[in-house]
Amino acid sequence: MALVRERRQINLRLPELSDCRPRFPLPLPPTSTTTTTTTTTTNNSSSISCNDIEKIHVLGHGNGGTVYKVRHKRNSQIYALKVVHGDSDPLVRRQIYREIEILRRTDSPYIVQCHGSYEKPSGDIVIVMEYMELGTLDSILQKYGAFDESKLKHVARQVLHGLSYLHGQKIIHRDIKPSNLLVNKDMEVKIADFGVSKIMQRTLDACNSYVGTCAYMSPERFDPGTYGVNYDGYAGDIWSLGLTLMELYLGHFPFLPPGQRPDWATLMCAICFGDPPSLPEGASEEFREFIQCCLQKESSKRWTTSQLLSHPFVCKDPRSDLVDL
Ligand SMILES: Nc1ncnc2c1ncn2[C@@H]1O[C@H](COP(=O)(O)OP(=O)(O)OP(=O)(O)O)[C@@H](O)[C@H]1O
């Protein structure tokens, strides 16, 4: 735990303490010496290779990789291309393999779609993804300010559908936060970035490894003995969703005053020993209650995705699905 790295504002990551060996056979086939790239098929029947596309510009940089906006040369379709460079840290490479493995298993309108993945002879690993025009919820928050409740209902509903799908597939995301939720031009919110996700082999598998962005981690991830009776990992995603929605409403990370940068010790003490954050007076009763259901410190008391999807905060007023973020 001493190796906490501060990456950028409210984005602390702990190193992986477990899962140090690749869990899955590497999803990419060995690089051929006669071709410039190798491709893998995803859940789509037609996979896109790097010879089909041209770069337009950089969309953003992540942990060890760069995401580009790209165009398909023949049909002009726009995609996002994530590239992790051949010389990047082995941990980063393991994360991208894991991300590919999970994207290949998923097929849901609430999860960012993968159109192909391949490894270049240089060792660069590439994923072709659907392009999400409006970017992350984090960048929308920075640009337009805090979200009102009608927008949050829409976000909550879509992310819950995504989590419900993932949990049904026995996948725990483990890094739900505003910068891992992407929005497209139709205002659809989709879950992305599966680098630290875990596929549970059995429903009762324990999931206690310290991976993900620690600011959004649930109390049982730090202290399973106190807060994790019967902990199975899925409830950790619900805690992170609660914090994410609160952050979008408040305009700042809920455990800290606006503008304050987190330090590891303060944050861990606040999460484990303090009360869960609560919404200010102006918030509706329904929203407060919904957040309380997500931010129960004891993991077994936290609501599941299906319970939350029937909570009045998200199940009332379906017209908010059309809301303009
Ligand atoms: N499918 C996409 N469509 C549009 N923009 C995207 C897409 N995927 C990523 N981006 C942009 O690229 C940036 C970097 O994404 P990436 O997944 O590499 O890293 P991150 O999630 O921001 O950070 P990290 O991987 O370190 O947690 C994002 O913040 C977002 O702005």
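Reading guide: rules and limits
Residues numbered from 1 in each chain as written. Predicted model: local features only at pLDDT ≥ 70, side-chain atom pairs only at ≥ 80, totals over all residues. Heavy atoms only, no water. Helix = DSSP H or I, 4+ residues; strand = E, 2+ residues; numbered from the N terminus. Buried < 20%, exposed > 50% of the residue type's maximum accessible area, 1.4 Å probe, protein only. Contact = heavy atoms within 4.5 Å. Areas by Shrake-Rupley, 256 points an atom, 1.4 Å probe, with all protein chains shown as cover. Pairing = 2+ DSSP bridges. UniProt positions renumbered as here; feature names shortened; annotations may be inferred. Polar contact = N/O pair within 3.5 Å; in protein donor to acceptor, adjacent residues only side chain to side chain. Salt bridge = Lys/Arg side-chain N within 4 Å of Asp/Glu carboxyl O. Axes fitted to C-alpha atoms, helices over the stretch in contact; angles between N-to-C directions. Left-handed = near helix turned anticlockwise from the far one by under 90°. Nonpolar A, V, L, I, M, F, W, Y, C, P; charged D, E, K, R; others polar. Phe/Tyr/Trp six-rings, centres within 6.5 Å; stacked < 30°, edge-to-face > 60°. pLDDT = per-residue confidence, 0-100.

> Hey, could you run me through the overall build of the chain in this one?
For the chain, the count of helices and strands is 10 helices and 13 strands. Taken across its 325 residues, the chain has 55% of its residues classed as buried. For the chain, restricting intrachain contacts to residue pairs at least 6 apart in sequence, the fraction spanning at least 24 positions comes to 67%. Accessible area of the chain: about 14,300 Å², with a carbon and sulfur share of 50%.

> What is the right way to read the pairing of strand β5 (residues 65–72) from this model?
In regular strands, side chains alternate between the two faces of the sheet. Most of β5 sits inside the fold, with seven of its eight residues counted as buried. In this sheet, β5 lies alongside strand β4 (residues 53–61) in antiparallel orientation, the contact comprising seven bridges. Looking at the pairing, K55 lines up with V70 of β5. Hairpin connection between β4 and β5: a loop of three residues separates the two successive antiparallel strands, and G64 in this loop has a positive phi of roughly 85 degrees.

> Help me understand the UniProt feature "binding site: ATP" (unreviewed entry) in the chain, please; the structure alone is not making it clear to me.
This chain's UniProt record puts "binding site: ATP" (unreviewed entry) on K82. Mapped onto the fold, K82 is located in strand β6 (residues 78–84). Residue class for K82 comes out buried when judged on its relative accessible area of 15%. Not counting chain neighbours up to four residues away, the residues in contact with K82 comprise T66, V67, I96, E99, I125, V126, I127, M129 and D193. In terms of polar contacts, K82 uses its side chain to reach the side chain of E99, at 3.0 Å.

> I'm lost on the pattern of salt bridges in this one. Help?
Any two side chains of opposite charge can pair, given that their charged atoms come close. Following the criterion strictly, the structure yields 11 salt bridges and no others. Residues E99 and K82 are paired through a salt bridge, measuring 3.0 Å at the closest nitrogen-oxygen approach. In this pair, E99 sits in helix α1 (residues 90–105) while K82 sits in strand β6, placing the two residues 17 residues apart along the sequence. The same class applies to E99 as to K82, namely buried. Residues E101 and R105 are paired through a salt bridge, measuring 3.2 Å at the closest nitrogen-oxygen approach.

> Is there a simple way to explain the side chain of T66 in this structure?
Note on placement: T66 falls in strand β5. Judged by relative accessible area, which is 8%, T66 ranks as buried. Of note is the side chain of T66, whose polar atom sits 3.4 Å from the side chain of H61. Ignoring anything within four residues of it in the chain, the contact list for T66 reads V58, G60, H61, L81, K82, V83 and H85.

> Help me understand the packing of helix α3 (residues 149–168) against helix α8 (residues 285–294), please; the structure alone is not making it clear to me.
When two helices pack together, their arrangement is given by the angle between their axes and by how far apart the axes lie. Between α3 and α8, whose axes approach to 12 Å, the crossing angle comes to 35 degrees. Considering only the axes of α3 and α8, their crossing is left-handed. Contact with α3, carried on its side by E149, L152, K153, A156 and L160, involves E286, F287 and F290 of α8 and no other residues of that element. Residue composition of the contact of α3 with α8, grouped by class: five nonpolar, no polar and three charged.

> Looking at this structure, how should I read the packing of aromatic side chains?
Centre distance and the angle of the planes are the two values used to describe a pair of aromatic rings. In total, this model carries six aromatic pairs according to the counting rule given. Relative to F253, the ring of Y216 has its centre 5.2 Å away and its plane inclined at 70 degrees; by these criteria the two rings are edge-to-face. Here Y216 is found in the loop between β13 (198–199) and α4 (219–222), whereas its partner F253 is found in the loop between α6 (234–250) and α7 (264–273), with 37 residues between them in sequence. Residue Y216 shares its accessibility class with F253, and that shared class is buried. On the numbers, 6.1 Å between centres and 45 degrees between planes, the contact of F253 with F255 is tilted. Residue classification places F253 among the buried positions, given a relative accessible area of 1%.

> Looking at this model, I keep getting lost on the pairing of β6. Mind explaining?
Of all seven residues in β6, six are buried; the element is thus mostly enclosed. Two strands pair when backbone bridges link them, and β5 and β6 are joined in this way by seven bridges, in the antiparallel orientation. Within the sheet, the bridge partner assigned to V70 lies in β6 and is Y79. Count of turn residues in the β5/β6 antiparallel hairpin: five residues, of which S76 carries a positive phi of about 65 degrees. Pairing of β6 with strand β8 (residues 125–130) involves six bridges; the strand directions are antiparallel. Following the sheet pairing, V83 is matched in β8 by V126.

> Before we go on, may I ask you to explain the confidence of the model for the chain in this structure?
Low pLDDT means the predicted atomic positions in that stretch should not be read closely. Here the chain shows a mean pLDDT of 80. Residues at 70 or above account for 78%. Under a pLDDT of 50 for its full length, residues 1–45 has, in the predicted model, 125 contacts with residues more than four places off or in other chains. Below pLDDT 50 for its whole length, residues 202–211 participates in 37 contacts with residues either more than four positions away or in separate chains. Overall fold confidence for the complex sits at a pTM of 0.82, while the interface term, ipTM, reaches 0.95.

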